[in-house]
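Next come the chains, spelled out residue by residue.
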Amino acid sequence: MSEHRGIVYTKDWIVKLVLDIAGYTTDKPLWEKVIIEPACGNGAFVREIIYRLLKTCVRDNTLDYEHLSKCIKCFDLDVDAVESCKYMAKVTLEEFGFSDLEASLLTDAWILCADYLLTDELSADFVVGNPPYLRATEIPPEARDRYIARFSTMTKGCDIFIGFFQKGMESIRRCGGVLCFICADRWTQNQYGKSLRKLISSYYHIDTLVRMHEVDAFETEVSAYPAITRIDLNDGGIKYADCAAKFGPKDVAELQEWLNNGTTGYFGENFSATRLNHPRDDAIIPLANPQKISVITKLMDQFPSLEDTGVKIGIGIATGRDDVYIVTDPSIVEEDRLLPVFSMRDWRRRNAKDKWLINPWNRDGSLVNLSDYPRMKSYFERHRSEIASRHIAKKNVDSWYRTIDKINWGILGMPMLLFPDMAMNADPVYSDGSKYPCHNCYWLVSDSWDIKVLGGLLMSDVVESFVDALGVKMRGGTKRFQAQYLRLIHVPEPNRIPAEAAAQLRYAFETNNRNAANKAAMSAYGMES
């Protein structure tokens, strides 16, 4: 299948591991089961599925064409991939003694050029494979609209694999079967995965999750952040394994042993493992080193969230056209239409040049009348084509000159902490509130905290562990410090932090001393050994 359809081919040892975790193994009478491969691509899964099925048929003397024709259903949209897959399947069948005609009839029955997501209702004991890695923006609009209409878990911002999960779970529901995909695990923690998480917690069960972000699992290098996820209809917790980059075929037996028999935490050479509680509703699933998960889970039970301690969290202003709204020349418009702004990008680059937002908002939340500000009106008119082409302007024709967001006047003048969207470590930046934050950073303000004490706490390793375990990460371990993940941080009440620890946290923040912050944070949390 062509690249733009998101096909990433899976290595043979990973295929075998996925099928083993699914339970599609030759110790069972597989000829009694039905398996679906929803996006067969070049046939990596199909080849192994056929081999395992026929091996049990030979053993049990059940090589019957009519019966076998119902045991496998494979789908793909790419004609060339389907033909290649059929050829491979036919060769495999002939090796087991099927005639050319029987092999052709079986492959035609098994392998279909069709969109699995839009097929009629199917029932199966197993749904196994590697769904396409197709981002929301890459899905053809007409197809995306049909998927959204069909699947309750899909929105315009969802990657396509969300639909494969829901369709696959529908396929196994009647048989009480198993879904097992190697697929991006971002749905376990990001916003667009909420509906899928809720669906699973309501009707299904995550049995196994093997995280393989840095593992060499595919034939080509991709930024896929994959995990092997097994979903069924049983009850119980999640068997969770976190694999190191060096995890490979030699580690599979060790992993399988733990998945089959392990009841406690395990720390092997190339993976660690533990058991997690099944999440409730649409809760984020913690994914990190099992030791880290254990620590933050306990802290979440013992301490309130940031917001519950009186911290307000938000994001800087989005304009839709920073090149128009944010300027370095204060003479362009009237003085009272200028709002000094803080840019995280400029701060990181040590760019000290002052910048201003051309502000079209009154303090009561209404837009100013352009006729009252001739210089601003003239400036906006000169840039009308750029401003009016924004989505927000098309939706609000009469207020075409508005920014996407309004100004939150309440935070101006308040000392605040600012986080970049992405960073390797938790490094909050202090601002005295005289500059309004731009959209590339998240702000925290509070009436109950000494903001620099909070800054020291938030730069500590123990607090960073929350974002590491509960937030989506980019390749290389870059963390996302978005508001949705900052809200998951749990901290001591500010008035319960010992005075000495508070002073140390403040000092650590002012001097950017992470070691001092770590020591003081341990004291604040009561975690001293």
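The shown structure was predicted, so the numbers you read here are calculated from the model rather than taken from an experiment.

Definitions and limits used
- Sequence order as written defines the numbering, with residues in each chain counted from 1.
- Note on the predicted model: pLDDT of at least 70 is required for a residue's local features to be given, and 80 or more for side-chain atom pairs to be given and counted; whole-chain, interface and lining totals, by contrast, use all residues.
- The side-chain numbers reported here are obtained from all heavy atoms of the structure, hydrogens and water having been left aside.
- For cavity detection a 1 Å grid was placed over the protein atoms alone, and a set of points counts as a cavity when a 1.4 Å probe fits there but cannot get out; an open set counts as a pocket when protein lies on both sides within 12 Å along at least five of seven lines, with lining residues being those that have an atom within 4 Å of a point.
- Grid points are joined across faces, edges and corners, and a volume is the space filled by probe spheres set on the points.
- Only DSSP runs of H or I reaching four residues or more are called helices, and only runs of E reaching two or more are called strands; each is numbered from the N terminus.
- Amino acids are sorted into nonpolar (Ala, Val, Leu, Ile, Met, Phe, Trp, Tyr, Cys and Pro), charged (Asp, Glu, Lys and Arg) and polar (every other residue, Gly among them).
- Burial classes follow relative accessibility: with a 1.4 Å probe on protein chains only, a residue under 20% of its type's maximum area counts as buried, one over 50% as exposed, and anything between as partly exposed.
- Strands were regarded as paired on the criterion that DSSP finds at least two bridges between them.
- Here a polar contact is recorded for every N or O atom pair within 3.5 Å, except that within protein the pair must consist of a potential hydrogen donor and a potential acceptor, and residues adjacent in sequence are included only if both atoms are side-chain atoms.
- In this analysis, the expected span of each helix is defined as 1.5 Å times one less than the number of residues it contains.
- The directions considered for the arc are those from the helix axis to the C-beta atoms.
- Should any heavy atoms of two residues lie within 4.5 Å, those residues are considered in contact.
- For every element, the axis is a line fit to its C-alpha atoms; helices are fit only across the contacting stretch, and the angle between N-to-C directions ranges from 0 to 180 degrees.

1. What to know about empty space enclosed by the protein
Thinking step 1. In total, this model carries three cavities of 30 Å³ or more according to the counting rule given.
Thinking step 2. In this structure, the second largest cavity occupies an estimated 60 Å³ of space.
Thinking step 3. Around the second largest cavity, the lining residues are Asp185, Arg186, Gln189, Arg211, His213, Leu287, Gly471, Val472 and Lys473.

2. Concerning the layout of surface pockets
Thinking step 1. Roughly 750 Å³ of volume is contained in the largest pocket.
Thinking step 2. In this structure, the largest pocket is lined by 28 residues; those nearest its centre are Ala283, Ile284, Pro286, Met300 and Leu470.
Thinking step 3. Elements supplying a minimum of two residues to the lining of the largest pocket: α8 (194-203), β10 (271-276) and α10 (290-302).
Thinking step 4. With eight residues, α10 is the single largest residue contributor to the lining of the largest pocket.
Thinking step 5. Counted by class, the lining of the largest pocket contains 11 nonpolar, 10 polar and seven charged residues.

3. Side note on the pairing of strand β4 (residues 126-129)
Thinking step 1. Covered by surrounding structure in β4 are Phe126 and Val128 together with Val127 and Gly129, the residues of both alternating faces.
Thinking step 2. One ladder, built from two bridges, connects strand β1 (residues 35-37) with β4; its direction is parallel. Bridge assignment links isoleucine 36 to a residue of β4, and that residue is valine 127.
Thinking step 3. Of the strand pairs in this sheet, β4 and strand β5 (residues 178-184) are connected by four bridges, and their pairing is parallel. By the bridge assignment, phenylalanine 126 is partnered in β5 with valine 178.

4. Focus on helix α16 (residues 451-458)
Thinking step 1. Summarising burial for α16: eight of the eight residues are buried, a large majority.
Thinking step 2. Of the positions making up α16, those classed as buried are Ile451, Lys452, Val453, Leu454, Gly455, Gly456, Leu457 and Leu458.
Thinking step 3. Between the side-chain oxygen of the N-cap and the backbone nitrogen of lysine 452 there are 3.0 Å, and the N-cap of α16 in question is aspartate 450.

5. Some words on helix α4 (residues 79-95)
Thinking step 1. Between its first and last C-alpha atoms α4 spans 25 Å; for 17 residues at 1.5 Å apiece the expected length is 24 Å, and the two agree.
Thinking step 2. Looking at α4, one finds that the buried residues are Ala81, Val82, Cys85, Lys86, Met88, Ala89, Thr92 and Leu93. Down the axis, α4 shows its buried residues gathered within 165 degrees of arc, on one side only. The exposed set on the far side of α4, more than 90 degrees from its buried face, consists of Val79, Asp80, Tyr87 and Glu95.
Thinking step 3. For α4, the secondary structure elements touched by its buried residues are α2 (44-60), β2 (72-76), α5 (100-110) and β3 (111-113).
Thinking step 4. Sitting at the head of α4, aspartate 78 places a side-chain oxygen 3.0 Å from the backbone nitrogen of aspartate 80.

6. Considering the sheet that holds strand β19 (residues 441-446)
Thinking step 1. Taking strand neighbours across the sheet as the criterion, the four strands line up as β11-β19-β15-β17 in an open arrangement whose pairing is antiparallel. Each having just a single partner strand, β11 (311-315) and β17 (429-431) make up the two edges of the open sheet. Shown here is a sheet whose adjacent strand axes are inclined to one another by a mean of 30 degrees, direction ignored.
Thinking step 2. Relative to β19, strand β15 (residues 416-420) is paired through four bridges, and the arrangement is antiparallel.

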